[in-house]
Amino acid sequence: MTFREVEEARKNYWEATKKYLFISGGAALIVLILSLITGPLGVFAGLTFGVIILSAGIGIGSFLTNKHRLAYRKAYKGYFVEQNLRKIFTHVSYSHEQGFSPDVIKESGMMHLADRFYSNDTVIAKYQNIPFAQADVTLTRIYTDDKGNTHEYNVFKGRYMIFEFPKKFDYRLEVIGKKFKLSKVPGKFKNRKMTEIETESPDFNRNFRVYGDDGFESFYLLAPDVIAKIEDIAVRYNYKLLLGFYDHKLVVALDDGKDAFEPPKFSHPLDEKTEMKKVAEDIKVITDFVDVISSH
């Protein structure tokens, strides 16, 4: 895959989309012009039918251009994402279509789920010989108001990451950012009692809730240098993150409101350097957490 092929896929998608927008917009305009001739009642009907025609045209165009959209996404992910993943990580397996199952979230016992679950962009690889898996996850709540109208809103949109360290954590520790909304405040986990812990940092205690089943081990892990690094990462994401340490694992839920590794809008030419930089920043989100633990 080359940059020229990515640009070609983007152009094909944009040209196909413009064609259907032109056809549907033209049809809506003709209906509106004809309605002006028939008087006020005709204008109202014309506007109504114009909106219907335009909406239908956009919907049909979206369906008919889907193959171009998929081709653009595949080209972008192949050139910008997978190529850069292989530069930083080893043993890379990447799928922009497949994601985690809800069972992956349930296994840790740290997060609530919602009415709808969606996941994609799975990366399985090693960094500094540390195996990890990460994917985008979106959790959506659905509710019906008093008038019977159905509404949807995202309660989590971001990354879910699982790192496997060679050394086993002989305790369970959860660090919950003050803006993270879906944490299960632990009482017990697998018959291990969890208690709230205060660190030696007043600022950290204000910005995080910390729970563990072994206070001594928790203090060892949350040394001043680790606390400073976690705080530095958390500030970037407005404290919407959750860290969990247990067995050999570090689990990270990062609610940054974004999908990682996504292509930009297809209506403008791509800037290769800008996209490379953006993907590098998305990759650094993964490496930051390994660097925090490995440095301790």
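Our subject is the structure that appears above.
Residues numbered from 1 in each chain as written. Predicted model: local features only at pLDDT ≥ 70, side-chain atom pairs only at ≥ 80, totals over all residues. Heavy atoms only, no water.

Novice: How should the overall build of the protein chain be read in this particular structure?
Specialist: The helix and strand inventory of the protein chain stands at 8 helices and 9 strands. Considering the protein chain as a whole, with its 296 residues, one finds that 44% of them fall into the buried category. Taking the contacts inside the protein chain whose residues are at least 6 apart along the sequence as the reference set, 68% of them involve residues at least 24 apart. If you sum the accessible surface of the protein chain, you get close to 16100 Å²; carbon and sulfur atoms cover 57% of it. (Helix = DSSP H or I, 4+ residues; strand = E, 2+ residues; numbered from the N terminus. Buried < 20%, exposed > 50% of the residue type's maximum accessible area, 1.4 Å probe, protein only. Contact = heavy atoms within 4.5 Å. Areas by Shrake-Rupley, 256 points an atom, 1.4 Å probe, with all protein chains shown as cover.)

Novice: What is the right way to look at unusual backbone geometry in this model?
Specialist: Leave glycine aside and you will find that most residues have negative phi; peptide bonds, for their part, are mostly trans. A positive phi is found at Q128, a non-glycine position, where the angle reads about 50°. Relative to the elements of secondary structure, Q128 occurs in the loop between strand 2 (116-127) and strand 3 (130-144). Positive phi outside glycine occurs at D247, with the angle close to 50°. Taking the relative accessible area as the measure of exposure, D247 reaches 28% and is therefore partly exposed.

Novice: Before we go on, may I ask you to explain helix 3 (residues 66-88) in this structure?
Specialist: Given 3.6 residues to a turn, an α-helix orients residues that are three or four positions apart in the same direction. Compared with the 33 Å implied by 1.5 Å per residue over 23 residues, the 32 Å span of helix 3 between its first and last C-alpha is a close match. Along helix 3, the helix axis deviates most sharply at G78, where the bend reaches about 35°. Of the positions making up helix 3, those classed as buried are Y72, R73, A75, Y76, K77, Y79, F80, V81, N84 and L85. (Expected span 1.5 Å × (residues − 1). Bend = angle between axes of the 7 residues up to and from the residue.)

Novice: Is there a simple way to think about the side chain of T287 in this case?
Specialist: With respect to the helices, strands and loops of the structure, T287 is situated in helix 8 (residues 272-294). Those residues within four positions of T287 in sequence are excluded, and the remaining contacts are I88, F89 and Y127.

Novice: When you look at the environment of D136 in this model, what are you seeing that I'm missing?
Specialist: Counting through the fold element by element, D136 comes out in strand 3. Distance in space between the C-alpha atoms of D136 and Y160 is 6.4 Å, their sequence separation being 24 residues. If near-sequence neighbours (up to four positions away) are discounted, D136 is found in contact with Y118, S119, N120, D121, G158, R159, K258, D259 and A260.

Novice: Explain the side chain of E7 to me, please; I cannot follow it from the model alone.
Specialist: Within the element layout of this structure, E7 appears in helix 1 (residues 3-37). Using a relative accessible area of 11% as the deciding quantity, one classes E7 as buried. A polar contact of 2.7 Å, which involves the side chain of E7, links it to the side chain of R10. Ignoring anything within four residues of it in the chain, the contact list for E7 reads P269 and L270. (Polar contact = N/O pair within 3.5 Å; in protein donor to acceptor, adjacent residues only side chain to side chain.)

Novice: When you look at the pattern of salt bridges in this model, what are you seeing that I'm missing?
Specialist: Charged atoms that come close allow side chains of opposite charge to pair. Tallying each qualifying case throughout the model produces 15 salt bridges. Residue E262 is joined to R73 by a salt bridge in which the shortest nitrogen-to-oxygen separation is 2.6 Å. Residue E262 is found in the loop between strand 9 (241-254) and helix 8, and its partner R73 is found in helix 3; the two are separated by 189 residues along the sequence. Here R159 and D282 are joined by a salt bridge, their closest N and O atoms 3.6 Å apart. Highlighted residues: R159 in strand 4 (residues 150-177) and D282 in helix 8, separated in sequence by 123 residues. Residue R159 is classed as buried on the basis of its relative accessible area of 2%. Accessibility expressed as a relative area gives 14% for D282, which makes it buried. (Salt bridge = Lys/Arg side-chain N within 4 Å of Asp/Glu carboxyl O.)

Novice: Is there a simple way to explain the packing of aromatic side chains in this structure?
Specialist: Aromatic ring pairs are described here by two measures, namely the spacing of the ring centres and the angle between the planes. In total, this model carries 19 aromatic pairs according to the counting rule given. Three or more aromatic residues joined by ring pairs make a cluster, and in this case those are F3, Y76, Y79 and F80. One Lys or Arg, R172, reaches over the ring of Y246 and ends 4.8 Å from the middle of that ring. Lying over the aromatic face of Y239, K178 brings its terminal NZ or CZ to 4.9 Å of the ring centre. (Phe/Tyr/Trp six-rings, centres within 6.5 Å; stacked < 30°, edge-to-face > 60°. Lys NZ or Arg CZ within 6 Å of the ring centre and 35° of its normal.)

Novice: In this structure, what is going on with the environment of N84? I would like to understand it.
Specialist: Tracing the sequence through the fold places N84 in helix 3. By relative accessible area, which is 10% here, N84 ends up buried. Taking the C-alpha atoms as reference points, N84 and I283, separated by 199 residues in sequence, lie 8.3 Å from one another. Apart from the residues lying within four places of it in its own chain, the contact partners of N84 are M276, V279 and I283. Engagement of the side chain of N84 in a polar contact is seen with the backbone oxygen of F80, the distance being 2.5 Å.

Novice: Please explain the nonpolar core as it appears in this structure.
Specialist: Note on soluble globular proteins: their nonpolar side chains tend to be buried together. Counting residues in each nonpolar core, the largest one holds 57 residues, and the members touching the most others are F163 and F289. With 9 residues, helix 8 is the largest single contributor of residues to this core. If near-sequence neighbours (up to four positions away) are discounted, F289 is found in contact with M161, F163, I233, L241, L243, L250 and V252. Grouped together as the second largest cluster of nonpolar side chains are 21 residues, V155, I162, M194 and Y246 included. (Core = buried A, V, L, I, M, F, W, Y, C linked by side-chain atoms within 4.5 Å.)

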